[in-house]
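# Secondary and tertiary structure notes
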Amino acid sequence: MSLGWRLRREGLEVLIIDKGEPGREASHAAGGMIAHCDPHLPDVLRPLAFAGAAMYPEFVRELQEESGESADLRDRGALAFLHEDERPGCERARAIESDGIQPLEPALTRPPLEQGMRAWWLPECSVDPRGLCLALLKAAKRRGVDFVTGSAVLEVEISAGRAVAVKTAHSSYSTGVVVSCAGAWASQIQPFGLPTHPVKGQMVCIVPAPGSWEDLLVQHVIRTPEVYIIPRSDRRILLGATVEDGGFDKRTDADTVEKLYQAAAAVVPKLGEMRIHDAWAGLRPGSPDKLPILGETALPGYFAATGHYRDGIMLAPITAEIMTRVITGEPAEFDLLPFSPLRFSQ
Ligand SMILES: Cc1cc2nc3c(=O)[nH]c(=O)nc-3n(C[C@H](O)[C@H](O)[C@H](O)COP(=O)(O)OP(=O)(O)OC[C@H]3O[C@@H](n4cnc5c(N)ncnc54)[C@H](O)[C@@H]3O)c2cc1C
């Protein structure tokens, strides 16, 4: 949707075809951390991650203005507990001494500092991906993006060696350019799928106990090796997330939900007084080398913008920007070779 919105602003006619409802799969399940400082990000992805994170405030401002929906951009930063040999991958990150943690985040009374862990404050923000998707949907519709929902694309049709249309069960839609943004399902589209696979993540949402009028319990995103804790401005707190190779199964299991809840309460005991509101799972679009797949495929006119794995919310604005440039023939201004769809056919 971010790409559709961006392309439409460039004056292109855009039709988004979704097998379900747009913004209801991985993007609906995500935590919404814009985690460009994460030491585990692949180095080759850092330029895109930094650019995406830098674009976020303006991206959200424009979308909110166009749609009237809030994406709940929060910019208090993240408190990350990293192993001693790990360093945040961004400037402005600050190591925090143990007596500096509670002044920043009073409810964090049991910081996990044992076994060589260190606390860092990271200049990261977070959004509510559900609010963001709603804002994108409305903004895209207002700008004249068309939608066909509840209809899976089965095949990209080819004529004279170019992609010329996409076929669903009931129709065929002619076009000059096809972009596969089919996430974990991208491999299912004929004649050749893009090699994504589902990587399941379970998340838990907790809310204050009935009758509690306490303010939002934590202000920062908190990341420990066991759990991440993401506050929303409406006092909900999200706990995430597992990383599981479980096929297309989106069920949650009670043990995992309990484990995430206990891991959060172990560092912020007051979270144990909140109640579990709901839990869900989503399917991240994994790729064979864990990098996004961006650019034109071997079939002229058929492009890929998928495989964003754990970072697709963070990378949404930069993906939209880069793919718009690629599609309209402008220089992308990033080295896109590591992300080329062609890397899998060599
Ligand atoms: C639990 C969890 C937590 C996460 N946390 C974060 C986070 O904190 N920060 C972050 O940056 N990222 C996070 N992510 C990753 C992020 O959610 C994904 O990388 C991103 O949402 C992928 O977006 P997408 O549009 O490519 O895929 P999706 O949001 O899955 O959308 C794919 C769309 O394609 C449609 N589709 C599929 N096949 C077809 C077809 N054949 N025809 C038509 N339509 C089709 C689907 O219906 C769907 O609407 C998280 C993911 C999960 C699951």
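The rules behind each value
- Residues numbered from 1 in each chain as written.
- Predicted model: local features only at pLDDT ≥ 70, side-chain atom pairs only at ≥ 80, totals over all residues.
- Helix = DSSP H or I, 4+ residues; strand = E, 2+ residues; numbered from the N terminus.
- Buried ≥ 20, exposed ≤ 12 C-beta atoms within 10 Å, placed from the backbone.
- Pairing = 2+ DSSP bridges.
- Axes fitted to C-alpha atoms, helices over the stretch in contact; angles between N-to-C directions.
- Core = buried A, V, L, I, M, F, W, Y, C linked by C-beta atoms within 7 Å.
- Contact = placed C-beta atoms within 7 Å.
- Near = placed C-beta within 6 Å.
- Nonpolar A, V, L, I, M, F, W, Y, C, P; charged D, E, K, R; others polar.
- Domains from an automatic or database assignment.
- Expected span 1.5 Å × (residues − 1).

## Here's the deal with unusual backbone geometry
With omega at 5°, the peptide bond leading from Gln190 into Pro191 counts as cis. Along the polypeptide, Pro191 turns up in the loop between β11 (178-180) and β12 (197-207). A positive phi is found at Gln115, a non-glycine position, where the angle reads about 50°. Relative to the helices and strands, Gln115 is located in the loop between α4 (101-104) and β5 (117-122). What makes Gln115 exposed here is the crowd of 8 C-beta atoms within 10 Å. A positive phi is found at Glu333, a non-glycine position, where the angle reads about 65°. Mapped onto the fold, Glu333 is located in the segment after α7 (316-328).

## A word on the sheet that holds strand β18 (residues 302-306)
If you trace the three strands from one edge of the open sheet to the other, you get β11-β18-β17, paired in mixed fashion. On the outer flanks of this sheet lie β11 and β17 (293-296), each paired with one strand and no other. Averaged over all neighbouring strand pairs, the angle between strand axes comes to 20°, with direction disregarded.

## Notes on the nonpolar core
A general feature of soluble globular proteins is that nonpolar side chains tend to end up buried together. Residues Leu136, Ile229, Ile237, Leu239, Ala264 and Met323 are the most contacted members of the largest nonpolar core, which totals 99 residues. Met323 has contacts with Leu3, Val179, Leu294, Phe303 and Ala305, leaving out every residue within four places of it along the chain.

## A short note on the site of the ligand
Looking at the ligand, there are 38 residues lining it, with Glu25, Gly183, Gly201, Gly282 and Gly312 nearest. Elements that contribute at least two residues to the shell around the ligand include exactly α2 (26-29), β12 and β16 (275-286). Taken together, the residues that form the shell around the ligand break down as 19 nonpolar, 12 polar and seven charged. When residues are assigned to domains, the shell around the ligand turns out to be shared by domain 1 (2-71 + 128-195 + 288-344) and domain 2 (78-123 + 198-285), each giving three or more.

## Here's the deal with the domain arrangement of the chain
If you check the domain split of the chain, you get domain 1 (2-71 + 128-195 + 288-344) and domain 2 (78-123 + 198-285). A separation of 28 Å is found between the C-alpha centroids of domain 1 and domain 2. Each partner contributes residues to the interface: domain 1 has 24 residues there, and domain 2 has 26 residues. The leading source of residues in the side of domain 1 that touches domain 2 is α2, at three residues. Grouping the constituent residues of the side of domain 1 that touches domain 2 by class yields 10 nonpolar, nine polar and five charged.

## Digging into the sheet that holds strand β14 (residues 228-231)
Strand order in the open sheet formed by eight strands is β4-β5-β3-β13-β14-β15-β12-β16, with mixed pairing between adjacent strands. Pairing within the sheet leaves two strands with one partner each, and these edge strands are β4 (94-96) and β16. Each strand axis lies, on average, 25° off the axis of its neighbour in the sheet, ignoring direction. Both β14 and strand β15 (residues 237-240) contribute to a ladder of four bridges, which runs antiparallel. Following the sheet pairing, Ile229 is matched in β15 by Leu239. The strands that helix α6 (residues 254-267) touches are β12, β13 (221-223), β14, β15 and β16; relative to β12, the one it contacts most, it runs at about 55°.

## Quick look at the pairing of β15
Side chains Ile237 and Leu239 of β15 all project onto a buried face; the interleaved residues Leu238 and Gly240 project onto the opposite face, where all are buried too. Relative to β15, β12 is paired through four bridges, and the arrangement is antiparallel. The residue bridging Met203 from the neighbouring strand is Gly240, located in β15. What sits between β14 and β15 in their antiparallel hairpin is a turn of five residues, with Arg235 showing a positive phi close to 80°.

## Some thoughts on α7
One turn of the α-helix equals 3.6 residues, which is why residues spaced by three or four share an orientation. End to end, α7 covers 18 Å across 13 residues, agreeing with the expected 18 Å (1.5 Å per residue, within 8%). When you tally the buried positions in α7, you get 10 out of 13 residues, the bulk of the element. Considered for burial, the residues of α7 that qualify are Ala316, Pro317, Ile318, Thr319, Ala320, Glu321, Ile322, Met323, Thr324 and Ile327. Among the structural elements, α1 (2-9), α3 (46-67), β11, β17 and β18 are those in contact with the buried residues of α7. One or two residues past the end of α7 sits Gly329, with phi positive at roughly 80°.

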